[in-house]
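Working through the structure, step by step
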2 protein chains.
Amino acid sequence: MLPRFSLRLDFERHRLGPGKASLLEGIRRTGSIAAAGRDMAMSYRRAWLLVDDLNHMFRGPLVQAQTGGRSGGGARLTDLGEEVLALYGATHATMTAAVEEQLRHFEALSAAPEIVPEP
Amino acid sequence: MLPRFSLRLDFERHRLGPGKASLLEGIRRTGSIAAAGRDMAMSYRRAWLLVDDLNHMFRGPLVQAQTGGRSGGGARLTDLGEEVLALYGATHATMTAAVEEQLRHFEALSAAPEIVPEP
């Protein structure tokens, strides 16, 4: 099996990696910071701290929390949030395509998985 | 400043990321597992555990510890260790070249660094 890789971007004072990217995806899917965090077995407080960080990394906020109203809150990605999430995914895809041959080389060098005999 | 990224490869039961790659580089440079670990502010025990993991990830060991002799031990990379370390670096370089334009896009979207006024 080809090794997989995860992408962690280091900005001057912030990081964007698979955890924050998954949280953004979850917020887009569920419309809720709390629900997105729960899907990742993350505390409500931790999800909010990550969103706060995400909202200060770029030229504007990525997540907009809606308070009140008939739905009692909820959250959605801003246009910038959609752009950053799409760019993160596209960067990962570009990398994957670029290094396919090198990943095959890693696979060829890696240890064979242990064979577990059938009982 | 362009964001930087680190590469973490996920094999079926092992991981190879920047920490283990730096340790391999340090062992090659210093000829010693202990010295390589010290350069990374890592305990002797932790450096040895990482080496043990590295030595079971691929088709053979990456690090050969030499015991005894006039130099009182020391360690070096095996041919396979050199190959894996070079492949890790080449994979990172290929990725960097492939996503340069996307990293510029991230840079353009990222928050301007705070300007600290001169005293």
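Summarised in this report is the structure supplied together with it.

What counts as what
- Residues numbered from 1 in each chain as written.
- Chains lettered and ligands numbered in written order.
- Predicted model: local features only at pLDDT ≥ 70, side-chain atom pairs only at ≥ 80, totals over all residues.
- Heavy atoms only, no water.
- Contact = heavy atoms within 4.5 Å.
- Buried area = accessible area lost by both parts, 1.4 Å probe.
- Salt bridge = Lys/Arg side-chain N within 4 Å of Asp/Glu carboxyl O.
- Polar contact = N/O pair within 3.5 Å; in protein donor to acceptor, adjacent residues only side chain to side chain.
- Helix = DSSP H or I, 4+ residues; strand = E, 2+ residues; numbered from the N terminus.
- Buried < 20%, exposed > 50% of the residue type's maximum accessible area, 1.4 Å probe, protein only.

Comments concerning the interface of chain A and chain B
Opposite the 38 residues of chain A that make contact, chain B presents 38 residues. When the two sides are added together, the surface that chain A and chain B hide from each other amounts to roughly 3600 Å², 64% of it contributed by carbon and sulfur. When residues of chain A are sorted by the area they lose upon contact with chain B, Leu 87, Phe 106 and Leu 109 of chain A head the list and together hold 19% of the total. Inspection of the chain A/chain B interface yields zero salt bridges. At the boundary of chain A with chain B, the tally comes to 16 residue pairs in polar contact (both at pLDDT 80 or more). Where the side of chain A that touches chain B is concerned, the elements lending two or more residues are strand 1 (4-10), helix 3 (44-57), helix 4 (79-98) and helix 5 (100-109) of chain A.

Structural notes on unusual backbone geometry
All names here are of chain A. Notably, Ala 41 is not glycine yet its phi reads approximately 55°, a positive angle. Here Ala 41 is to be found in the loop between helix 2 (33-39) and helix 3. A relative accessible area of 77% places Ala 41 in the exposed class.

Points about the side chain of Lys 20 of chain A
Residues and elements named next belong to chain A. By the element assignment, Lys 20 lies in helix 1 (residues 18-30). A polar contact is formed between the side chain of Lys 20 and the side chain of Asp 53, at a distance of 2.6 Å. Those residues in contact with Lys 20, other than ones at most four positions away along the chain, are Arg 15, Leu 50, Asp 53, Leu 54 and Met 57.

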